[in-house]
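# Chains, contacts and geometry: an overview
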Amino acid sequence: METATLATPVDAPAPARTAAAAPAPAGGSRLGWLDVLRGLAALAVVYHHAGFYVLTGAHRNSDRWLAAGVFGTTLFFLISGYIIPASLERKGSLRGFWISRVFRLYPLWIVAIGAVALLDRTDHYAVTADDAYLHQHPGSVLLSHATMLQDLLNVPAPIGAMWSLSYEMVFYCLISGLFVLRTHRASPRIALLIVAAGAVLVPTLPYATLSRHLGTLPVAGVAAAVFGAGLLAATSGVRPVATVGALSLAGLAVVLLYGNRGYPWDGLLIPAYMFVGTTIYRAQTGQLRARTAAAVALVVLGVVAVSDALHAGRLHTDADGRLVEQRHWIGAVLAAAACFGVGLLLRHRPMPGLLRRLGEISYSVYLLHLVLLSLLTRQLTRFGVDAGRDGTPMWQQVAALVGVVIVVCLCAEATFRLVERPAQRVGHRLAGWAQRRFGSDAGLFDPPERGSRGRRRRAVHS
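Let me sum up the structure you'll find in this document. (Residues numbered from 1 in each chain as written. Predicted model: local features only at pLDDT ≥ 70, side-chain atom pairs only at ≥ 80, totals over all residues. Heavy atoms only, no water.)

Scanning the chain from terminus to terminus reveals 18 helices and zero strands. Here the chain holds 462 residues, and the buried ones make up 53% of them. In the chain, 83% of the contacts between residues at least 6 apart in sequence involve partners at least 24 apart. Of the roughly 20100 Å² of accessible surface on the chain, a fraction of 66% belongs to carbon and sulfur atoms. (Helix = DSSP H or I, 4+ residues; strand = E, 2+ residues; numbered from the N terminus. Buried < 20%, exposed > 50% of the residue type's maximum accessible area, 1.4 Å probe, protein only. Contact = heavy atoms within 4.5 Å. Areas by Shrake-Rupley, 256 points an atom, 1.4 Å probe, with all protein chains shown as cover.)

Quick look at the structure:
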C-alpha cells in the first residue's frame, strides 16, 4: 500500500502530537458544552499546524508560553474520558458499543488514507523518511493501521495527526476489560495507578521494546490477530466468550502501552488524562464525591506537570530551549484542564451554535486539516503568495489563516454529511440487525441480583 506523509517546511519542527477529535456518542441527545470544547480544541489544533505555514511570528511567540497542539491534545483526551465510558454504560452492550465505535471512526479513516494514497502520486507531498517506510513496509503499515494501533507499534501514519487515535483505541480496549470485570466505576484508583506507573516507568522502559527485539511486522501481526479475535469474542453475546475477548483487548492495550509505545514520555500519561475525565463524569453524575474527583484530578495533573518539567526539557540542549519546552507543555496541560472545568461549570447554559457545529464535525476537521493545509499552502506558493515568510504583512497572514480555517471547515462539513453521518446510520442499522439476529447482550455483565432486594427489582421492572 503506497501512502505518504504530509509535507512540512524544511525549517519547521515536526508537527506536535495533537489529539483526534473525541467521537461524539452515537444516538441520543448531544451534550452541547462538550461540542463547544471539541470545537475549541479543533481550532487550537488547526492553529498549531497552520502556524508552520502562516502567522508564523504570532505562532512562535504564543508557542513559548502555551503549545496549542498540546492544549488540544489534553482537552480532546479529557473529553473522551468523560463521554466514552458513559456511552458504554448507557448501552450496557459491548456489541453495540464496538459497532458504534467502528462505524464512527473507520469510514472517514479509510477515506482520509485513500485520499493521501492518491495524492502520493502527485507532487503535493515532499519525500520524507516516513514516506520511505510506508512504501517499503506495506505489511506492517496495513496490519498496524487495521487496528489503529500504529503509534504503539512503532509504525508511522500517512497523516501524522492520526497518532492519537491509537490512544483512543487503547482506551476503548481498557474500558471494555474493566466493564466485563465490573470494575469500570473504580476510575479514581485507575487514574492514580496509571499515572503512578507512568511516572515510575518512563525513565526505565526503552523505546519500542517489542518491535525492536522481535521485529515490527511480527508484533503488528500478533497485535492484529489478538485485536480481531478479541473484538469478535467481545461482541459475541456469550458471557464467557465475551469476557475472554474483552480481557484480551485490555491485555493487548496494556502490553503495547507499557512495552512498545512509540513515544516514551507522554504516551504513558495519556490514559491517566482520560481516566481523570471519567472520574469527573462519575462525580458529576453523583457516583462519586466531588472532593474525591478534585483530589484525583489535582494529583494526576501534578504528576503530569512534574513529568513534563523533567522530560520535556530533554528535547533541547540549551537552557532557554529547555525552559520554553517545559513552560509551554505545562501551561498547555493546565490550560486544557481549566478549559474543561469552565465548560463543566457552564454545561447548563445555551451554547453558541457555530462552535457546537464545529464540535460535531471536529473528527473531519482533525483528519483533514493537515492534508488541506499542505495543499492550500502549496497552491498559494505557486501563485507567488507566501504568507509564512518573515516580513509578510500581518493582515495577509491573518487573512491566509482565516481562509485556511474556512476551507477546512467547509470540507469537514462535506465529509461529515457524505461519510460520517451515513456511516453512523449504517452502524445503527447493523447493531439493530445483530440484536434481532443474535439477541441483545445488554445487561450481560450486570451483577447478579440476590435475595428480596433482587426480587423487588425484578418486580419493578416486570
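With that settled, the discussion passes to a nonpolar patch on the surface. A contiguous nonpolar patch, built from Met394, Val398, Val402, Ile406 and Leu410 and spanning about 450 Å² of accessible area, is present on the exposed surface. Following the sequence through the fold, Ile406 ends up in helix 17 (residues 394-438). (Patch = residues over 30% accessible without salt bridge, like charges linked within 9 Å, V, L, I, M, F, W, Y side chains within 5 Å. Salt bridge = Lys/Arg side-chain N within 4 Å of Asp/Glu carboxyl O.)

What follows deals with the nonpolar core. In this structure, Trp98, Phe227 and Phe340 are the most contacted members of the largest nonpolar core, which totals 123 residues. With sequence-adjacent residues up to four places away left out, Phe340 is seen in contact with Trp33, Leu34, Leu37, Leu75, Leu78, Ile79, Tyr82 and Ile280. (Core = buried A, V, L, I, M, F, W, Y, C linked by side-chain atoms within 4.5 Å.)

Our focus in this paragraph is the pattern of salt bridges. Throughout the structure, instances matching the rule amount to seven salt bridges. A salt bridge links Glu360 to Arg357, with the shortest nitrogen-to-oxygen separation between them at 2.7 Å. Placement of the pair is Glu360 and Arg357 together in helix 15 (residues 353-360), with a separation of three residues, close to one helical turn. What makes Glu360 buried here is its relative accessible area of 17%. Its salt-bridge partner being Glu413, residue Arg417 comes within 2.7 Å of it at the nearest N-O pair.

The next subject is the packing of helix 4 (residues 94-119) against helix 7 (residues 163-180). Closest axis-to-axis distance for the helix 4/helix 7 pair is 12 Å, and the angle between their directions is 175°. By the angle class used here, helix 4 and helix 7 are roughly antiparallel. The segment helix 4 lies against helix 7, with Leu94, Phe97, Trp98, Arg101, Leu105, Tyr106 and Trp109 engaging Leu165, Met169, Tyr172, Cys173, Ile175, Ser176, Phe179 and Val180. By residue class, the composition of the contact of helix 4 with helix 7 is 13 nonpolar, one polar and one charged. (Axes fitted to C-alpha atoms, helices over the stretch in contact; angles between N-to-C directions. Parallel < 35°, antiparallel > 145°, perpendicular 65-115°, else oblique. Nonpolar A, V, L, I, M, F, W, Y, C, P; charged D, E, K, R; others polar.)

The subject of this paragraph is unusual backbone geometry. Positive phi outside glycine occurs at Met148, with the angle close to 65°. Take Met148: it is sitting in the loop between helix 6 (138-146) and helix 7. The backbone of Asn154 sits at a positive phi, close to 65°, despite the residue not being glycine. Structurally, Asn154 can be placed in the loop between helix 6 and helix 7.

Right, let's talk about the packing of helix 8 (residues 187-201) against helix 12 (residues 270-284) for a bit. Running from N to C, helix 8 and helix 12 cross one another at 160°; their axes reach a closest spacing of 8 Å. In terms of orientation, helix 8 lies roughly antiparallel with respect to helix 12. The way helix 8 lies across helix 12 gives a crossing that is left-handed. On the side of helix 8, the interface is formed by Ser187, Pro188, Ile190, Ala191, Ile194 and Val195, while helix 12 contributes Pro271, Ala272, Phe275, Val276, Thr278, Thr279 and Arg282. For the contact of helix 8 with helix 12, the per-class residue count stands at nine nonpolar, three polar and one charged. (Left-handed = near helix turned anticlockwise from the far one by under 90°.)

Along the polypeptide, Thr147 turns up in the loop between helix 6 and helix 7. If near-sequence neighbours (up to four positions away) are discounted, Thr147 is found in contact with Tyr106, Leu153, Met169, Ala223, Ala224 and Phe227.

We now examine the packing of aromatic side chains. All told, the structure shown has 13 aromatic pairs when counted by the stated rule. An angle of 80° between the planes, with centres 5.2 Å apart, marks the rings of Trp33 and Tyr82 as edge-to-face. Of this pair, Trp33 sits in helix 1 (residues 32-50) while Tyr82 sits in helix 3 (residues 68-91), and the two are 49 residues apart along the sequence. Here the two residues Trp33 and Tyr82 agree in accessibility, since each one is buried. Taking relative accessible area as the criterion, Trp33 reaches 5% and is therefore assigned buried. Grouping aromatic residues by their ring pairs yields a cluster made of Trp33, Tyr82, Tyr281 and Phe340. (Phe/Tyr/Trp six-rings, centres within 6.5 Å; stacked < 30°, edge-to-face > 60°.)

A separate point is helix 10 (residues 216-234). Taking 1.5 Å as the rise per residue, helix 10 with 19 residues should run 27 Å; its terminal C-alpha atoms sit 26 Å apart, in good agreement. Restricting attention to buried positions, one finds in helix 10 the residues Thr216, Val219, Ala220, Ala223, Ala224, Phe227, Gly230, Leu231, Ala233 and Ala234. (Expected span 1.5 Å × (residues − 1).)

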